[in-house]
Amino acid sequence: PFRQSRQHQAIRASAASSTRTSLSMGYTVGIVGATGAVGKEIRTCLEKSSFETDKLRIFGSSRSAGSTVESDKFGSIQVELFDVAAAREC
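Summary of the structure given here. (Residues numbered from 1 in each chain as written. Predicted model: local features only at pLDDT ≥ 70, side-chain atom pairs only at ≥ 80, totals over all residues. Heavy atoms only, no water.)

Turning our eyes to something else, we now look at a nonpolar patch on the surface. Nonpolar side chains collect at one region of the surface, where V32, F82 and V84 lie side by side and expose about 260 Å² of accessible area between them. With respect to the helices and strands, F82 occurs in the loop between β4 (75–81) and α3 (84–88). (Patch = residues over 30% accessible without salt bridge, like charges linked within 9 Å, V, L, I, M, F, W, Y side chains within 5 Å. Areas by Shrake-Rupley, 256 points an atom, 1.4 Å probe, with all protein chains shown as cover. Salt bridge = Lys/Arg side-chain N within 4 Å of Asp/Glu carboxyl O. Helix = DSSP H or I, 4+ residues; strand = E, 2+ residues; numbered from the N terminus.)

Have a look at this one:
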């Protein structure tokens, strides 16, 4: 079988990576229950990951809706009252 040189493999990987980066778009991610323990952990994971996220929307109960959550990666995020229609926009 044909074996590619390491240099050829590196060039192909680099080209694929640059194409993926220039063509890919980040996602809008919504977290339901973002002010609870699991929601906080998911936010932390998104902050640390390289997952391409353009926007983070967080949904909570009427008790936490309207409050603001600070994020290093996403800035200040206002907690939205959970609504099925709004969550489907993510």
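From this point, the discussion proceeds with the structure in view.
Here we take up the pairing of strand β3 (residues 68–71). Because side chains alternate across β3, one face comprises the buried residues V69 and S71, and the other comprises T68 and E70, none of which is buried. Where β3 meets β4, four bridges bridge the pair, whose relative direction is antiparallel. Looking at β4, one finds that T68 is bridged to Q78. Between β3 and the antiparallel strand that follows it, β4, lie three residues. (Buried < 20%, exposed > 50% of the residue type's maximum accessible area, 1.4 Å probe, protein only. Pairing = 2+ DSSP bridges.)

All right, on to the nonpolar core then. V29, I31, A34, L46, L56, I58, V69, F74, I77 and V79 form the largest nonpolar core, which has ten residues in total. Elements that contribute at least two residues to this core include exactly β1 (27–32), β2 (53–60) and β4. The contact partners of F74, leaving out residues within four places of it in the chain, are L46, E47, T53 and L56. (Core = buried A, V, L, I, M, F, W, Y, C linked by side-chain atoms within 4.5 Å. Contact = heavy atoms within 4.5 Å.)

Right, let's talk about the environment of S76 for a bit. Tracing the sequence through the fold places S76 in strand β4. Those residues in contact with S76 that lie beyond four places of it in its chain are T68, V69 and E70. Here E70 takes part through its side chain, which lies 2.8 Å from a polar atom of the side chain of S76. (Polar contact = N/O pair within 3.5 Å; in protein donor to acceptor, adjacent residues only side chain to side chain.)

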